[in-house]
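As a plain string of letters, each chain reads:
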Amino acid sequence: MKTQLNLESIQNWLPSKNSPLLISGPCSAETEEQLLATAHLLAKTGKVSVLRAGIWKPRTRPGEFEGIGSIGLQWLQRAKLETGLPTAVEVANAKHVEEALKAGVDILWIGARSTVNPFTVQEIADSLNGTDVPVLVKNPVNPDLQLWLGALERINKAGITKLGAIHRGFSSFEKSAFRNEPMWELAIQLKTLIPELPIINDPSHICGNRELLPYVAQKALDLDMQGLMIESHIDPSQAWTDAKQQVTPSALNDMVNNFTLRVPESRNEEFIDKLADLRKEIDKIDDLVIQKLADRMAITRKIGEFKLENNVTILQVNRWDEIMKRRSAFANALKLDIHFTEKFLELVHGESIRLQTEIMNAGKTENKQLASKVVH
Ligand code: PEP
Ligand code: MN
């Protein structure tokens, strides 16, 4: 399905004082003192453009701190008045939207646990109708680009044109160094589908710890993301939520000072010429790779026909094992990444099996369609 959003340029609604655009503040508003003290220190860095704070917290288990609730909106109002920083909160239902707007919150965001549910997103969208508050949509908990897109579309259809996405990583079954797998390719795919949509990276919820934060934030900047949302707390280890991943305003300041900012495109002529030459070389090689892949698949078809004539199964595990071992060793010797090589070979092998399945079932029209579904 085609994706078309009606968007206003982020410069019109979220002007950044600095590069990168930085949204920061505590995971949760806990007390008036904690919120105000954090806000003042963040404002003092001069690097923060928006103050964030969770007022209603979606928690995995009941009984955990579920957010301070509406009273926190008054603290945020005070923080905004005293620091001049615009504010952002998470909304998860129509009542949150109504209260946040009444309290003069400047930007709303939809959390990962809400984006997964179209009913919730639609309820929020309906409650936004007739307003023009900026909204940021976090990616859903699960790696589903369509769900993320769908949420953005629902909010946009409600007339919200000041719209952005937040990349906060995805829940994964496999253990990893991250709290939520970044799966950068999903954010890149979103950017490719809607180039004018600003994407803000949330390294705090990707990392789940302080140590990895600078690396993930830097990678997001290198991928030309529009900004960062980083949780900051006056006393992180005592935070009521997400204590392991929050940083003090002063640590945040240091981290930002150490970022390397690169430009998406250089105007230097020597650079432009050299890049164009290198890209020409890449284009040639890509054409060759595609040609060779086509040659390979033509032979695969022949093999399929040969197996069909001789009534032999498509898959011979030993042969596949041998291919994987030999090619991986060769690729390794050429300094190609092992995971990349394995993924590539698996894709090629998958396509070979699909082609051979088609050949084996040629003539049986129904089966052919079914077979191609099975192997996809
Ligand atoms: C948050 O920003 O504090 C939060 C709850 O994030 P997420 O929806 O990404 O889990
Ligand atoms: Mn948090």
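This write-up is about the structure you can find in this document. (Residues numbered from 1 in each chain as written. Chains lettered and ligands numbered in written order. Predicted model: local features only at pLDDT ≥ 70, side-chain atom pairs only at ≥ 80, totals over all residues. Heavy atoms only, no water.)

## Details of the sheet that holds strand β3 (residues 87-90)
Note the threshold: A pair of strands counts as paired when DSSP detects no fewer than two bridges linking them. Secondary structure follows DSSP: runs of H or I at least 4 residues long count as helices, runs of E at least 2 residues long count as strands, and numbering of each begins at the N terminus. Axis definition: a line fit to C-alpha positions, over the contact stretch in the case of helices; interaxial angles, taken between N-to-C directions, run 0 to 180 degrees. In what follows, residue pairs with any heavy atoms lying within 4.5 Å of each other are defined as contacts.
Judged by pairing direction, the barrel is parallel, and its eight strands sit side by side in the order β1-β2-β3-β4-β5-β6-β7-β8 before closing back on the first. Across this sheet, the average inter-strand angle for adjacent strands is 30 degrees, counted without regard to direction. In this sheet, strand β8 (residues 227-231) lies alongside strand β7 (residues 199-201) in parallel orientation, the contact comprising two bridges. Following the sheet pairing, N201 is matched in β8 by L228. Along the sheet, helix α3 (residues 71-83) makes contact with β2 (50-52) and β3, crossing β3 at roughly 160 degrees.

## Some thoughts on the coordination of the manganese ion (ligand 2)
As a reminder of what qualifies: Sites may look incomplete because water is not among the atoms; the donors themselves are N, O and S atoms within 2.8 Å of the metal, or within 3.2 Å for Na, K and Ca.
Protein-derived ligands of the manganese ion (ligand 2) are C27 (SG), H205 (NE2), E231 (OE) and D242 (OD), with the metal-ligand distances lying across 2.1 to 2.4 Å. Taken in chain order, the donor set of the manganese ion (ligand 2) reads C-x177-H-x25-E-x10-D. On the criterion of sequence distance, the pair formed by C27 in the loop between β1 (21-25) and α2 (32-45) and E231 in strand β8 is long-range, its members being 204 residues apart.

## Looking at the pairing of strand β6 (residues 163-167)
Looking down a regular strand, the side chains alternate between one sheet face and the other. The line we're drawing: Burial classes: relative accessible area under 20% of the type maximum marks a residue as buried, over 50% as exposed, and values in between as partly exposed (1.4 Å probe, protein chains only). Here the term right-handed applies to a crossover when the path leading from its first strand over the helix to its second strand runs clockwise, the strands being oriented away from the viewer.
Within β6, five of the five residues are buried, leaving the element largely enclosed by the surrounding structure. Side-chain alternation along β6 places L163, A165 and H167 on one buried face and G164 and I166 on a second face that is also buried. The pairing of strand β5 (residues 135-138) with β6 spans four bridges and is classified as parallel. Within β6, the residue paired with L136 across the bridge is G164. Taking the sense of rotation as the criterion, the β-α-β connection linking β5, helix α7 (residues 145-157) and β6 turns out right-handed.

## Some points on the packing of aromatic side chains
Keep this limit in mind: A pair of Phe, Tyr and Trp rings is counted when the ring centres sit within 6.5 Å of each other, with Trp represented by its six-membered ring. The angle between the planes then sorts it: under 30 degrees is stacked, over 60 is edge-to-face, the rest tilted.
In the structure shown here, the tally under the stated rule is three aromatic pairs. Both rings, one in F340 and one in F344, keep their centres 6.3 Å apart while their planes meet at 20 degrees; by these two values the pair is stacked. Placement of the pair is F340 and F344 together in helix α14 (residues 338-360), with a separation of four residues, close to one helical turn. By relative accessible area, F344 is classed as partly exposed at 36%.

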